Amino acid sequence: MTHKAELNLQAWLDGELSARAAAEVERLVAADPAARDLVAELRWTRQVLRAGEVDRPVPESREFYWSKIERAIRAAEATAPAPRPSAWWRWMRWVVPIGAAAALAMFFTLPSLRVAPSVAEIENHLEDMGSFSFRSESEGMTVIWIASN
Amino acid sequence: MRLRNLPVFRGHALAGLVFLVALLFGPATPARASDQELKLRAQLIWGTDEAKPKDAAYKDLEPDLRQKLGRIFKWKNYWQISEQRCGFKPGETKKLKMSAKCDLEVRHLDEATIEIKLFGEGKLTRTVRQSIRVLERGELTVLAGDDKDKHDDAWFVVITSTK
């Protein structure tokens, strides 16, 4: 049996041949005992490999280990339902903005809530008399000094 | 759970802060009644390095005011020439004669402002508008100038709020 015939037998067992080539190989197997023995050996070898091959896992790197955890957390977050706020929090969601609006309204309507300007407004009625003003924060004093020219 | 993720803080952080600030400080500053009378004290003061004339009826200043003026101005002595105390209802205007040459016209403009007009020898010299709240928290408004006749000396009109 030639080497080509052996390869054809292997391809026939793997289902890789056309119908015409497969018929030729079937004729060869029926006529040639050596071909039959080879087919039996190949079938046995394939069976042994399928059933008895040892599973050799690839060792995990540190990065891959943590990436698996991260993916698991993301998947859990994506599927977990959003926590429903408690009744107290739902109530506060309305109270806080309403209270803030009320505080702002009080601030703009009640002069006592606003910081009074400490600098006095001054009008000069005599041009020949200059003046300047200053404020002493430490003494709590606003001074308008009028200088006669 | 992070604090900012709580429902109450979502989009309302600033509003909540304003609310808390108003809650804490709002009641501490009660509103001034719009019809409340404003009580003022006006003092005409002479500042000099000289001793008090023997025949003068000038009064010594209270120590607190004398020290305040002394820390700001250069003069050694401060004597009170005259003093006026008046109450002002909103919208009310009163004239205060401080001396033969110095007059004030004080007007309670609104609940937040007073207007002080200073007249020197009958001429309107300055108009000052001051916050009532500034006066009511104990601050002084001082109109002052050097003496036209005696340049080493100075005059002061001190406006304060009296309770």
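Quick note: structure is the one above.
Keep in mind that what you see is a predicted model, and the values were worked out from it rather than measured. (Residues numbered from 1 in each chain as written. Chains lettered and ligands numbered in written order. Predicted model: local features only at pLDDT ≥ 70, side-chain atom pairs only at ≥ 80, totals over all residues. Heavy atoms only, no water.)

1. Overview of the overall build of chain A
If you tally the helices and strands in chain A, you get five helices and three strands. Ordered by position in the sequence, the α and β elements of chain A form the string α-α-α-α-α-β-β-β. Expressed as a percentage of the 149 residues in chain A, the buried residues total 21%. Contacts in chain A between residues at least 24 apart in sequence constitute 27% of all its contacts with a sequence separation of at least 6. In the form shown here, chain A has an accessible surface area of approximately 11400 Å², with 60% of it arising from carbon and sulfur atoms. (Helix = DSSP H or I, 4+ residues; strand = E, 2+ residues; numbered from the N terminus. Buried < 20%, exposed > 50% of the residue type's maximum accessible area, 1.4 Å probe, protein only. Contact = heavy atoms within 4.5 Å. Areas by Shrake-Rupley, 256 points an atom, 1.4 Å probe, with all protein chains shown as cover.)

2. What about the packing of helix α1 (residues 3-13) of chain A against helix α2 (residues 19-31) of chain A?
Working note: a packed helix pair is described by the angle between its axes plus the distance between those axes. Residues and elements named next belong to chain A. Here α1 crosses α2 at 110°, and the two axes come no closer than 10 Å. Relative to α2, α1 is oriented roughly perpendicular. Judged by the sense of rotation from one axis to the other, the crossing of α1 with α2 is left-handed. In this structure, α1 uses Ala-5, Asn-8, Leu-9 and Trp-12 to contact α2, whose residues at the interface are Ala-22, Val-25, Glu-26, Leu-28 and Val-29. Grouping the constituent residues of the contact of α1 with α2 by class yields seven nonpolar, one polar and one charged. (Axes fitted to C-alpha atoms, helices over the stretch in contact; angles between N-to-C directions. Parallel < 35°, antiparallel > 145°, perpendicular 65-115°, else oblique. Left-handed = near helix turned anticlockwise from the far one by under 90°. Nonpolar A, V, L, I, M, F, W, Y, C, P; charged D, E, K, R; others polar.)

3. Structural notes on helix α5 (residues 87-109) of chain A
One turn of an α-helix holds 3.6 residues; hence residues three or four places apart share an orientation. Between the first and last C-alpha of α5(A) there are 33 Å, a value that for 23 residues agrees with the 33 Å anticipated at 1.5 Å per step. Taken as a whole, α5(A) has its buried residues at Met92(A), Val96(A), Gly99(A), Ala100(A) and Ala103(A). (Expected span 1.5 Å × (residues − 1).)

4. A closer look at the pattern of salt bridges
This structure, assessed with the given rule, holds 15 salt bridges over all chains. With a shortest N-O distance of 3.4 Å, Asp60(B) and Lys52(B) are connected by a salt bridge. Owing to a relative accessible area of 51%, Asp60(B) belongs among the exposed residues under this scheme. One salt bridge connects Glu115(B) with Arg129(B), and the closest N-O pair in it is separated by 2.9 Å. Of the two residues, Glu115(B) sits in strand β6 (residues 113-120) while Arg129(B) sits in strand β7 (residues 123-131), which places them 14 residues apart along the sequence. For the pair Glu115(B) and Arg129(B), a shared accessibility class is recorded, and that class is buried. Residues joined in a network through salt bridges with shared partners are Arg135(A), Glu137(A), Arg137(B) and Glu139(B). (Salt bridge = Lys/Arg side-chain N within 4 Å of Asp/Glu carboxyl O.)

5. Notes on the nonpolar core
Core analysis: the biggest nonpolar cluster contains 23 residues, and Leu40(B), Leu104(B) and Val157(B) have the highest contact counts within it. Per element, the largest residue contribution to this core is four residues, and it comes from strand β1 (residues 38-48) of chain B. Once residues within four sequence positions are removed from consideration, Leu104(B) is found in contact with Ala42(B), Lys94(B), Lys95(B), Leu96(B), Met98(B), Ile116(B), Lys117(B), Leu118(B), Val157(B) and Ile159(B). Ranked by size, the runner-up nonpolar core spans 16 residues in total, among them Trp145(A), Phe73(B), Leu140(B) and Val158(B). (Core = buried A, V, L, I, M, F, W, Y, C linked by side-chain atoms within 4.5 Å.)

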